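So you can see what is in the structure, the chains are spelled out below.
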Amino acid sequence: MPLLDHHCCVIGICAGKPPGTVFLAAIERLTSLLEAAQASGQFLEAQQDHSQGKFAYLAWGFSHGGGRKKPQNLNKPRSKNFALVEGLMRDDAFRMLANHVSSIFETWALKFYSYYQENKRAICTHYPLLEPNWPGSVFTAIVLNLKPQTVTYWHKDFINLPFGWCSVTALGSFDPTRGGHLILWNLGLVIEFPPGFTILVPSAAIEHSNVAIGKDEKRCFITQYTAGALLCWADHGMKTEEEFMEGLSREEREGVAAQDAQRWRFGLSLLLTMEELLLLGLVHK
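Scope of this entry: the structure provided in the associated data block.

## Thoughts on the packing of aromatic side chains
Move 1: Across all of its chains, the model carries 16 aromatic pairs by this definition.
Move 2: Residues Phe-105 and Phe-139 carry aromatic rings whose centres are separated by 5.3 Å and whose planes lie at 10 degrees to one another, so their mutual orientation is stacked. Remark: Phe-139 occurs in the loop between helix H4 (110–126) and strand E5 (141–145) and Phe-105 occurs in helix H3 (residues 92–108); sequence separation between them is 34 residues.
Move 3: Within the aromatic cluster, the residues linked to one another by ring pairs are Phe-105, Phe-112, Tyr-113, Tyr-115, Tyr-116, Phe-139, Phe-163, Trp-165 and Phe-266.

Following this line, the structure appears as structure tokens:
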């Protein structure tokens, strides 16, 4: 089910899960893997109580921003949970989920998908030591949000590209008609979010949170995203904004500032309308 604005542009997608037992088995496998990771992982206090909620998390892939001076891998070999996360990422269930989510993104937001893919490829070529998630994934990072009852605070994901999409996949065993809903506050929407389902939204632009679940139920989720700072880095010729600006004249800097002020228009240009999707044959009536 697409989320549409008043121009009938697709600004997000509530995707179900593929039919059949193969994907269902992968979802069950992911749920058990995250439960085991919660039990065996070593977490700092800051990793268990943060801006998104009171739950531990594990990350993989690469990102930029948040104090990083250049694109870096999120998990380093000397970190306490490196071996744990590295082992998880080798599991075929994660690969299947990543391919599924990227396929959804490509279908409903082809321009966004291409923008992400082209920049990911360029960044990885420039920095060959970066660890992409999987060849079939368009996103550069994945976060495993653990704990038996993962519920987020009301928040925005400011590390994400402001007009970009990230994916959220729900896992666990809970009654989705009674709890676990995704609330998109700016849109006034409360969306049922069953285990195994994926939703893609511009999480840096829309405030969102989750409804609590029953005390005996379990819920965790997986997010995939690409940091906005990564794409800014690529747009600046693999340089920080400061380094990029240093080589420009005053007139050129003014031109860049004017262009940046209109960057939101570029973001809107990447959205597809339902009519365009039908004409491209990406969706059908």
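## Topic: the pattern of salt bridges
Move 1: Here the structure, examined in full by the defined rule, presents four salt bridges.
Move 2: For Arg-29, the salt bridge is made with Asp-91, and the minimal N-O distance between the two is 2.7 Å. Separated by 62 residues along the polypeptide, Arg-29 in helix H1 (residues 21–40) and Asp-91 in the loop between helix H2 (82–89) and H3 bring together distant segments of the chain.
Move 3: Residue Arg-29 is classed as partly exposed on the basis of its relative accessible area, which comes to 41%.
Move 4: In this structure, Arg-263 engages Asp-235 in a salt bridge whose closest nitrogen and oxygen atoms are separated by 2.8 Å. A residue pair is termed long-range when its members are at least 10 positions apart, and Arg-263 in helix H8 (residues 263–269) and Asp-235 in helix H5 (residues 228–235) qualify at 28 residues.
Move 5: Accessibility expressed as a relative area gives 28% for Arg-263, which makes it partly exposed.
Move 6: In this structure Asp-235 comes out as partly exposed when scored by relative accessible area, which is 38%.

## Some remarks on the packing of H1 against H3
Move 1: Where H1 meets H3, the axes come as close as 9 Å, and the angle between the chain directions of the two elements is 120 degrees. As summarised for this structure, H1 and H3 are arranged oblique, according to the angle between their axes. Like other packed secondary-structure pairs, H1 and H3 cross with a definite hand, here left-handed. Residue-level contacts link Val-22, Phe-23, Ala-26, Arg-29, Leu-30, Leu-33 and Leu-34 of H1 to Ala-93, Phe-94, Met-96, Leu-97 and His-100 of H3.

Definitions and limits used
Residues numbered from 1 in each chain as written. Predicted model: local features only at pLDDT ≥ 70, side-chain atom pairs only at ≥ 80, totals over all residues. Heavy atoms only, no water. Phe/Tyr/Trp six-rings, centres within 6.5 Å; stacked < 30°, edge-to-face > 60°. Helix = DSSP H or I, 4+ residues; strand = E, 2+ residues; numbered from the N terminus. Salt bridge = Lys/Arg side-chain N within 4 Å of Asp/Glu carboxyl O. Buried < 20%, exposed > 50% of the residue type's maximum accessible area, 1.4 Å probe, protein only. Axes fitted to C-alpha atoms, helices over the stretch in contact; angles between N-to-C directions. Parallel < 35°, antiparallel > 145°, perpendicular 65-115°, else oblique. Left-handed = near helix turned anticlockwise from the far one by under 90°. Contact = heavy atoms within 4.5 Å.

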